[in-house]
Amino acid sequence: MSKTIESLLVEKRVFKPSREFSKAARIGSMAEYRKIYEASIRNPEKFWAAEASELVWQKRWSKVLDWKAPFAKWFVGGKINASENCLDRHLSGPRRNKAALIWEGEPGERRTLTFHQLHREVCVFANILKRNGAKKGDRVLIYLPMIPEAVVAMLACARIGAVHTVVFAGFSSDSIRDRIQDSGATLVVTADGGYRRGQVVTLKQNVDQALEGARGVKKVIVFRRTNQDIHIKPGRDVWWHREAEYVTADCPAEPLDSEHPLFILYTSGSTGKPKGILHTTGGYLTSCYATSKYIFDLREEDVFWCTADVGWVTGHSYVTYGPLAAGATCMMYEGAPNWPQPDRFWKIIADYGVTILYTAPTAIRAFIKWGKEWPAKHDLSSLRLLGSVGEPINPEAWIWYHETIGGGRCPIVDTWWQTETGVIMISPFPGATPLKPGSATLPFFGVDAAIVDDHGREVGADQGGKLIIRKPWPGMLRTIYGDKARYRKQYWGEFKGVYVAGDGARRDKDGYFWVVGRIDDVLNVAGHRLGTAEVESALVSHETVAEAAVVGRPDELKGQAVVAFVTLREGAKASKELADKLRKHVGTVIGPIAKPDDIRFAEALPKTRSGKIMRRLLKQIVEGANITGDTTTLEDFRVLAELRSRDD
Ligand code: WTA
């Protein structure tokens, strides 16, 4: 951590877009940015209505915003279909036969789907969904690898008004079960398997296990990807390709209320239970479209590659809805960046002429570790713009990305946002904003972001505080599925009418935002949000564990590594074998990304008198810092002494 802070101080260079880039960009100067930004803050409804007007509405709205804090309705009275906007509206012009998706499988297969073809596949699958009982409003759980069918399934749900909930294919069967139960999904879409680092991931088998303990799922539609043997349960499981024989490709897009739910996406919070973040149709799509257009400055000839999995919000907004609504060509790759060699990404960029690359700092740090020789083997001159998302990007990684991948000529858009915000909120405009490595720079149009202290007072330049948003925006979450009270408390409970992001940040004298990380009990491991409480409850569910406390430790590659302090039940013995078992157990309960990197057995955990585990102290221990701050409420000082001595 201290290393990063030091380097922030060292990296003082500011990178301006080239004149050439600015000239061609939609927003070509800071003066233009400021003019539109100020107008958009004075009258956000006007700005957003103009953006929404660029989409196809089956019925125009009667009111732009209905805001009864913290509940927002955007484009009230309007009817719209997200799938129609991503597909049908491009079919009447020259985009009809343009590539919508260019896909490469990990084993090397290639597929290109034009807008016409993608539209056709979506209509077929929408009819398959209907044939299998899916209706408007039903929840459909999607558990697929990064194959075009993942996008097809999402858009097919959107087409008929079914609500998709995509579960990352790296999650375990327990995670699938929890999400089925919470969302009340009645249909699951999966594949026999997927490829990852040359191995087959047993997706259907995970679904089978999840369904053993879950009620309500009536049908499972299985796409054949890997061709390995799977169990088909008669009456419940059907093959995608067989079903396709029974339906036509005729499926008009359902007119849906602007506020009709589009998807639920689960994300970690500070409690043990992931939250079902609910997004709706008209506002979300407008925001996806506008941010894609301005921030990635998309053009007809671009090949846009967002490397995120569709299981995360980035894959929702910037693999599927944003770029497709903007009529862009999207690259999609199924597998690992280092398979079969660490140059896979660079080979893909050269092979397909990718022009925009949007990836995560954790990936960039891995590329740095693998060495410059890998990108050097390929022609990356097609790239014109780079992007970063998921966690703060350290200036070293930024500079490496800029020089080694971008050849010094590509602006980098460091985009700050969250599952809850739905879309990018703070980001450079690539043709306008002078870039400072490590800063997400300035808010997007209509986004009223600020930094405040614990009393909600805006702080001065370079003072740390909480990142808040003071006005509703169309892409915002509408609620936590099935839990309005938690929604209100979690995001809007601290200051009246103000959204609290849960991130700590500061603004410098130029108004640039520097996000430093989470202030709640949420870790950011390799760009993925993990609640400490989630990992703790997974650990405690093991028969040997009495109590667990999980904290993050700064990690060069992953941003944060997961460290677990564990006390054992009577009779259980601490050992390396047990630590391995517990790691595996967490992998089974949540998924491999949640496995603790380090398990430390302890006799007891430091607690306050009211019994709260003092994670702050544990954090200082794993960071190797001296214990500072208030320890007077610590129940038993000996505990602390003991934990420290173990660490030495
Ligand atoms: C962090 C991912 C700094 C932040 C889109 C946020 C970032 C959390 C950035 C959301 C960035 C994301 N700079 N921090 N450019 N982007 N974060 O919901 O802590 O998976 O609250 O959404 O990631 O993670 P989520």
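Here's a quick rundown of the structure. (Residues numbered from 1 in each chain as written. Predicted model: local features only at pLDDT ≥ 70, side-chain atom pairs only at ≥ 80, totals over all residues. Heavy atoms only, no water.)

Overall, mixed pairing links the 7 strands, which are arranged 5-4-17-16-18-19-20 in an open sheet. Of all the strands in the sheet, the pair left with one neighbour each is strand 5 (110–114) and strand 20 (412–415). When the angles between neighbouring strand axes are averaged without regard to direction, this sheet yields 20°. Two elements, strand 4 (residues 99–104) and strand 5, share 5 bridges in a ladder whose sense is antiparallel. Bridging across to strand 5, Glu104 finds its partner in Arg110. (Pairing = 2+ DSSP bridges. Helix = DSSP H or I, 4+ residues; strand = E, 2+ residues; numbered from the N terminus. Axes fitted to C-alpha atoms, helices over the stretch in contact; angles between N-to-C directions.)

What follows deals with the site of the ligand. Residues in close proximity to the ligand total 17 residues, the closest being Asp414, Thr415, Thr419, Asp503 and Arg529. Here Arg518 contributes a side-chain N or O atom positioned 2.8 Å from an oxygen atom of the ligand. When isolated, the ligand has an accessible area of 520 Å², and the protein chains bury 96% of it. Looking at the shell around the ligand, the elements that each hand over two or more residues are helix 12 (313–325), strand 20 and strand 25 (513–518). (Near = heavy atom within 4 Å. Polar contact = N/O pair within 3.5 Å; in protein donor to acceptor, adjacent residues only side chain to side chain. Areas by Shrake-Rupley, 256 points an atom, 1.4 Å probe, with all protein chains shown as cover.)

Here we take up the environment of Ala325. On the secondary structure map, Ala325 appears in helix 12. Separated by 276 residues in the primary sequence, Ala325 and Ala49 have C-alpha atoms spaced 16 Å apart. Excluding residues within four positions of it along the chain, Ala325 makes contact with Asn85, Cys86, Arg89, His90, Leu285 and Tyr289. (Contact = heavy atoms within 4.5 Å.)

Mapped onto the elements of the fold, Thr314 is located in helix 12. Those residues in contact with Thr314 that sit more than four places away from it in its chain are Cys306, Ala308, Val319, Tyr358, Val389 and Trp417.

Overall, the coordinates contain 0 disulfides when judged by the stated rule. Left unpaired, Cys251 is separated from the closest cysteine sulfur, that of Cys123, by 5.5 Å. Overall, Cys251 belongs to the buried group, its relative accessible area being 3%. (Disulfide = S-S within 2.5 Å. Buried < 20%, exposed > 50% of the residue type's maximum accessible area, 1.4 Å probe, protein only.)

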